[in-house]
Amino acid sequence: MRPVAPRALSMLVSTLEEPDGKIVEDSLDTSDRDAFLALREYGLIKATQDAPLALCPWCGEHDIEPRRMDKMLQGLCPECGYIPITNASLKAWSADPEWLLVQLRLALGIASRQTSEELVPGTLWKVGDHRQNQKVWRILLARRLSDHATNQAFRAALVEKVERDTAVIISTTSKSLALVSDLSSPYVHLAEIVHLRSGKLELDKNRWDWCLKPAHLRDHDASTVFFENFRLAVLDGEEYEFSIHQGAVFSYLHAAQGGKCHKDSIMEDINSSQKNPAEIFRHNPRQMEGFQRTVEWNDFGFYWLKR
Ligand SMILES: [Zn+2]
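We now turn to the structure provided with this report. (Residues numbered from 1 in each chain as written. Predicted model: local features only at pLDDT ≥ 70, side-chain atom pairs only at ≥ 80, totals over all residues.)

For the rest of this paragraph, the subject is the overall build of the protein. Looking only at helices and strands, one finds 11 helices and 21 strands in the protein. Its C-alpha atoms give the protein principal-axis dimensions of roughly 80 × 45 × 35 Å. Burial analysis of the protein (307 residues in total) assigns 33% to the buried set. Sequence separation of 24 or more characterises 55% of the internal contacts of the protein that already satisfy a separation of 6 or more. (Helix = DSSP H or I, 4+ residues; strand = E, 2+ residues; numbered from the N terminus. Buried ≥ 20, exposed ≤ 12 C-beta atoms within 10 Å, placed from the backbone. Contact = placed C-beta atoms within 7 Å.)

Glancing now at the sheet that holds strand β20 (residues 295-297). In space, the three strands of this open sheet follow the order β19-β21-β20, with antiparallel pairing throughout. Sheet topology places β19 (261-262) and β20 at the edges, where each strand pairs with a single neighbour. With two bridges joining them, β19 and strand β21 (residues 302-305) adopt antiparallel strand pairing. In the strand pairing of β21, H262 is matched with F302. Strands in contact with helix α8 (residues 244-255) are β19, β20 and β21; relative to β21, the strand with the most contacts, it is inclined by about 80°. (Pairing = 2+ DSSP bridges. Axes fitted to C-alpha atoms, helices over the stretch in contact; angles between N-to-C directions.)

Further remarks concern the pairing of strand β10 (residues 124-132). Where strand β9 (residues 117-120) meets β10, three bridges bridge the pair, whose relative direction is antiparallel. Each bridged residue has a counterpart across the sheet, and for E117 the counterpart in β10 is K126. Between the antiparallel neighbours β9 and β10 lie three residues, among them G122 with a positive phi of about 80°. Here eight bridges tie β10 to strand β11 (residues 135-142), and the two strands are oriented antiparallel to one another. Directly across from G128, in β11, lies its bridge partner I139.

Judged by nonpolar contacts, the single largest core of 46 residues is most densely connected at A8, L12, L39, L104, L140, L141 and I170. The element contributing the most residues to this core is helix α1 (residues 5-17), with six residues. Of the residues that make up this core, three or more belong to each of domain 1 (2-95) and domain 2 (97-215). The residues touching L141, leaving out its near neighbours within four places in the chain, are L100, L101, L104, W125, V127 and I170. If you look at the next biggest cluster of nonpolar residues, it comprises 20 residues, including A233, Y252, L253 and F291. (Core = buried A, V, L, I, M, F, W, Y, C linked by C-beta atoms within 7 Å. Domains from an automatic or database assignment.)

Below, the discussion takes up helix α4 (residues 148-161). Spanning 14 residues, α4 covers 20 Å between terminal C-alpha atoms, matching the ideal 20 Å at 1.5 Å per step. Among the residues of α4, T150, F154 and L158 are the ones counted as buried. Each buried residue of α4 sits inside an arc of 75° when the element is viewed along its axis, so together they form one side. Turned more than 90 degrees from where α4 packs its buried face, H148, A149, Q152, V159 and E160 sit exposed. (Expected span 1.5 Å × (residues − 1). Arc of directions from axis to C-beta.)

Moving on to α8. Helix length check: α8, at 12 residues, gives a terminal C-alpha distance of 16 Å against a target of 16 Å (1.5 Å per residue), a fit within 8%. Residues of α8 that are buried: Q246, A248, V249, F250, Y252 and L253. Q257 sits one or two positions beyond α8 and adopts a positive phi of about 55°.

Okay, structure coming up:
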């Protein structure tokens, strides 16, 4: 199941993020099928209440509306009466924010007596209080911040309901789409700080610690590979020179201490309009070679420095 996990997590995150928030079973391509089955097996997605109509499996002539009765799905066909519907006939699934809140409390080690609090219906929650670095952080979970109305409601709640400078915002919206660069609170994409393992979320402790550090204290210790503000790399005695923008990519990845960084966060941070770090290197074969020798990435848009 392990190779499926990153894709399952990314499917879960995008389902939470998208406006209608549904996984439509029929529209999945085969590469997403295993991730979908894992999410279903772990109970991380559930059949939506407003599932689309199904064709009556008995007469095959009438549309029937699936409803849950006595723990079974049934539909009332005008001709055949109540008909049991197997789960397989149901097409739409949604992720459950409640599950996510419970998992985040567990992953962060938030005391079990704490309950989460909904600050804006359906889009912003206070997950709980979390003590770290001699400070109590209010952990918030936000989603769909690229939507203007949601973003406004999020900002109003931040001012009214959260003490100044105590919030950490965990979100399913990428930083560049969330339009939050004016906020002083740490902002982190959910997929950057957790892993999905056996149906549970695990915190990436290093990455999380790094997120909570004030920007000026983030680790900029010396590198054994990069020199001159990351404009120069020396690999097995071979030298590679880079542009300022390229150096900024290395600097960002270096500060994450081996942690995986999402392309949107990187590009936002270095003020680049390119869609991912590789784009900045690909026009120069020599620089691209240096990039490939030092950086790894995956299909989910995450980049990290090779050890
Ligand atoms: Zn029928």
